[in-house]
Amino acid sequence: LICDAVHAAARQLHQSLYENEEFKLDIPFIHFAYSLIRARLVNFSELVHAVPDLVKTILALRDRLNVGEMILDVVALECCLQQLEPCPDDLENAENRLIWCKRVQCVRPIIQVMKSEISKPAQQQKENGSNEAQFSSQLSEARSAHILQNCRTTWIRLDVVRMFIEHTCPPGQSCHPADATNVFRLWKALGENPDFLSVHTMTVVERFLQSCSDRLSKRLIK
């Protein structure tokens, strides 16, 4: 996977520099291409450490990486977040919720780094003034940015659910079964594309919280 990533970056860089020339690899060019994506490969390594079976998952999707652009790190992040999407069993008891919250928290630092490295506009990177910054910006193309944006949406959804758990049924502490059920209800209510700047998402959250309040009131009255 690493070799494929370096090869994709080298081909992409060659295309931007020598558009009409035949692509040929040599050792200096490989080293240069690697130096430009080294930080992104470190992110990939961190994700693999956080989710050990991630490599096996990506190998099954290897054809998806052949897009003429180095997207190994963002595809790895996408797969990682998909594996974090909770099922009812992940949230049904205190021990499982604690494990799930720790898994989510484990990838937070990596996501923050990747957002800062890939999502910068190309012009902002070029303003650094160095040729290396300009070349790096050329290797962060639209496909990487698109996948990262999808990852950002998924991450927000995961993190909101994690924060809801910590405030309503803290990991490691027992709580009423209805509170645990509410966690998964929130996950489903948020949907696949939550946008907390939109009226729609805020309305969904408001209705969800109101329903939780109504259920709690009925429970206490009984």
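In this text the structure is predicted, and so the values were computed from the model without any measurement.

1. A closer look at the packing of aromatic side chains
Per the stated rule, a full pass over the model turns up one aromatic pair. We note Arg 157 situated over the ring of Trp 187; from NZ or CZ to the ring centre the distance is 3.6 Å.

2. Describing the confidence of the model for the chain
Confidence in the prediction of the chain, expressed as mean pLDDT, is 82, and 85% of residues score 70 or more. Element-level pLDDT for the chain is lowest in helix 7 (residues 122-126), with a mean of 47, against a maximum mean of 93 in helix 4 (residues 72-84).

3. Quick notes on the pattern of salt bridges
Applying the stated rule across the entire model yields six salt bridges. Measuring nitrogen to oxygen at the nearest pair gives 2.7 Å for the salt bridge that ties Asp 73 to Arg 40. In this pair, Asp 73 is assigned in helix 4 and Arg 40 in helix 2 (residues 27-50), connecting sequence segments 33 residues apart. Just as Asp 73 is buried, Arg 40 falls in that class too. If you follow the salt bridges from partner to partner, you end up with Arg 108, Asp 159, Arg 162 and Glu 166 in one network.

4. With respect to the state of the cysteines
This model, assessed by the stated rule, comprises zero disulfides. Cys 169 supplies the cysteine sulfur nearest to Cys 101, a cysteine that is in no disulfide, at a spacing of 8.2 Å. The class for Cys 101 is buried, based on a relative accessible area of 5%. Residue Cys 106 stays outside any disulfide, its sulfur separated by 8.1 Å from that of Cys 80, the closest cysteine. Using a relative accessible area of 42% as the deciding quantity, one classes Cys 106 as partly exposed.

About the criteria used
Residues numbered from 1 in each chain as written. Predicted model: local features only at pLDDT ≥ 70, side-chain atom pairs only at ≥ 80, totals over all residues. Heavy atoms only, no water. Phe/Tyr/Trp six-rings, centres within 6.5 Å; stacked < 30°, edge-to-face > 60°. Lys NZ or Arg CZ within 6 Å of the ring centre and 35° of its normal. pLDDT = per-residue confidence, 0-100. Helix = DSSP H or I, 4+ residues; strand = E, 2+ residues; numbered from the N terminus. Salt bridge = Lys/Arg side-chain N within 4 Å of Asp/Glu carboxyl O. Buried < 20%, exposed > 50% of the residue type's maximum accessible area, 1.4 Å probe, protein only. Disulfide = S-S within 2.5 Å.

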